[in-house]
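# Overview (structure and organization)
So the chains spell out like this:
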Amino acid sequence: MILARLDSASNCWVQCLTSAGHTKRRYEEDLPMTRKPLIGLNADFRAAARSTPAFAYIAAGYYEAIIKAGGIPVLVPPQADEESVARVLDAVEGFLFIGGGDLDPRNDGFMLHPSVRPMSAGREDSDRMLMAEIAERRMPVFGIGVGMQLINVQQGGNLFLHIKEDLPEAVPHFDGQDVNHRHTLNVESDSLIGRVYGDGEIRVTSRHHMAIDEVAPGFRVTARCPDGVIEAIESEMIDWFALGTQFHPESEAASALDIRIFEEFVDAVRERNQESPAKEGDEAYRLVA
């Protein structure tokens, strides 16, 4: 096993063989500029059934998009306590919240609507702890689907529980027969989403029945479906990169433009690392082999 230490004086990795006190090798490279950032991704959870054990899982599109964008995905199963969550976030530099089942509205003081299909309680508890700590640290975060809804709720916004009832004039945002159901998008040009997609008609993959109602303080809407349903939010806080898309840029139907959202996110993580170099005398240890 090899433990790598960031030598802040020389800005190099020093590799130390932990099984024997042998020589140390230095790798002369500017790590904040070149190394791939570690991006945490929460995993979904499915309880045991008669013929299958309980397991944590994640759709491949999420971690494949992080890899394509230049990051290293670190899959994080549900965590049971705040200490575990803190240790996880000590190890990564940015975090992506994936889509999945619904947030339980009872956790935010609302009644359970018949259409709501809550995610596992263990995953929701873990996700909420992760999000609270991420917000405290101002760690770069990107939420997709229910991941965007989580960012909004944790920061003080709320949700429509069922688009068909709350916004009866809205176009369909979910098709049970087509996981790649798409609709058009209107974007704000002076935003990250506007920078990614530019001008012209945009079509994105959408599959949700809940949506943002009131936007959390410190965030603004940067994309909507033409029916008015919010499809993207971005932080307006100068010390925090936080982005959410209700649509799914990781889907199999994603375009080359969709992957640029992940590139913007990974670039933001790199930039934060450059702005926060290790202090003189600090030792940041990472397992590398």
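Procedures and definitions
- Residues numbered from 1 in each chain as written.
- Predicted model: local features only at pLDDT ≥ 70, side-chain atom pairs only at ≥ 80, totals over all residues.
- Heavy atoms only, no water.
- Helix = DSSP H or I, 4+ residues; strand = E, 2+ residues; numbered from the N terminus.
- Buried < 20%, exposed > 50% of the residue type's maximum accessible area, 1.4 Å probe, protein only.
- Polar contact = N/O pair within 3.5 Å; in protein donor to acceptor, adjacent residues only side chain to side chain.
- Contact = heavy atoms within 4.5 Å.
- Phe/Tyr/Trp six-rings, centres within 6.5 Å; stacked < 30°, edge-to-face > 60°.
- pLDDT = per-residue confidence, 0-100.
- Expected span 1.5 Å × (residues − 1).
- Arc of directions from axis to C-beta.
- Axes fitted to C-alpha atoms, helices over the stretch in contact; angles between N-to-C directions.
- Parallel < 35°, antiparallel > 145°, perpendicular 65-115°, else oblique.
- Left-handed = near helix turned anticlockwise from the far one by under 90°.
- Core = buried A, V, L, I, M, F, W, Y, C linked by side-chain atoms within 4.5 Å.

### Let's talk about the side chain of glutamine 79
Mapping glutamine 79 onto the fold places it in the loop between β7 (72–76) and α3 (82–91). A residue is classified by how much of its surface remains accessible, and glutamine 79, at 18% relative accessible area, is buried. Within the structure, glutamine 79 has its side chain in polar contact with the backbone oxygen of proline 77 (distance 2.6 Å). The contact partners of glutamine 79, leaving out residues within four places of it in the chain, are Ser84, Val85, Val88, Ser126 and Met129.

### Points about the packing of aromatic side chains
For the coordinates displayed, the defined rule picks out 7 aromatic pairs. Each ring, one from phenylalanine 219 and one from tryptophan 240, has its centre 6.0 Å from the other, and the planes form 80°; the classification is edge-to-face. Of this pair, phenylalanine 219 sits in strand β14 (residues 219–224) while tryptophan 240 is found in the loop between β15 (230–235) and β16 (242–245), placing the two residues 21 residues apart along the sequence. Put simply, the rings of Phe142, Phe241, Phe262 and Phe265 pair up and form one aromatic cluster.

### Looking at the confidence of the model for the protein chain
A residue-level look at the protein chain finds 79% of positions with pLDDT of 70 or above and a mean pLDDT of 83. Contacts from residues 1–31, a stretch scored under 50 in pLDDT, to residues over four places away or in other chains number 75 contacts. Low pLDDT, under 50, characterises residues 279–289; the predicted model gives this stretch 31 contacts beyond four residues in sequence or across chains.

### Some remarks on unusual backbone geometry
Only a minority of non-glycine residues have a phi that is not negative, and only a minority of peptide bonds are not trans. If you check the backbone angles, arginine 138 has positive phi at about 55° while not being a glycine. When you line up the elements, arginine 138 lands in the loop between α4 (121–137) and β9 (141–144).

### A word on α4
For α4, with 17 residues, the first-to-last C-alpha span of 24 Å sits near the 24 Å given by 1.5 Å per residue. Considered for burial, the residues of α4 that qualify are Arg123, Glu124, Ser126, Asp127, Leu130, Met131, Ile134 and Ala135. Down the axis of α4, the buried set is contained in an arc of 165°. They therefore lie on one face. Seen from the open side of α4, the exposed residues pointing more than 90 degrees away from its buried face are Ala121 and Glu136. Backbone geometry just downstream of α4 places arginine 138 in the positive-phi region, at approximately 55°.

### Things to note about the environment of valine 204
Note that valine 204 resides in strand β12 (residues 202–205). Taking the C-alpha atoms as reference points, valine 204 and leucine 185, separated by 19 residues in sequence, lie 7.0 Å from one another.

### Observations regarding the packing of α4 against helix α5 (residues 146–154)
Contact pair α4 / α5: the axes reach a minimum separation of 10 Å and the direction vectors enclose 60°. In this view, α4 runs oblique relative to α5, as classed from their interaxial angle. Where α4 crosses over α5, the handedness of that crossing is right-handed. Two secondary-structure elements touch here, α4 through Arg123, Asp127, Arg128, Met131, Ala132 and Ala135 and α5 through Val146, Leu150, Ile151, Val153 and Gln154.

### Brief notes about the environment of arginine 128
Within the secondary structure layout, arginine 128 lies in helix α4. Take arginine 128: its relative accessible area is 22%, and that puts it in the partly exposed class. Discounting residues that sit within four places of it in the chain, arginine 128 has contacts with Leu103, Asp104, Asn107, Asp108, Leu150 and Val153. Reaching out from arginine 128, the side chain makes a polar contact with the side chain of aspartate 108 at a distance of 2.8 Å.

### Comments concerning the side chain of threonine 222
With respect to the secondary-structure elements, threonine 222 resides in strand β14. Judged by its relative accessible area of 0%, threonine 222 is buried. At a separation of 3.0 Å, a polar atom in the side chain of threonine 222 contacts the side chain of glutamate 234. If near-sequence neighbours (up to four positions away) are discounted, threonine 222 is found in contact with Asn186, Val187, Glu188, Ser191, Ile193, Ala232, Ile233 and Glu234.

### As for the nonpolar core
Core analysis: the biggest nonpolar cluster contains 33 residues, and Leu89, Phe95, Phe97, Met131, Ile134, Val141 and Trp240 have the highest contact counts within it. For this core, the secondary-structure elements that each account for two or more residues are α3, β8 (94–97), α4, α5, β14 and β15. If one sorts the elements of this core by residue count, α5 sits on top with 5 residues. Beyond its immediate stretch of four places on either side in the chain, phenylalanine 97 contacts Asn42, Asp127, Leu130, Met131, Ile134, Val141, Phe142, Gly143, Ile144, Gly147 and Leu150. Of all hydrophobic cores here, the second largest spans 28 residues; its members include Ile58, Leu192, Ala232 and Phe265.

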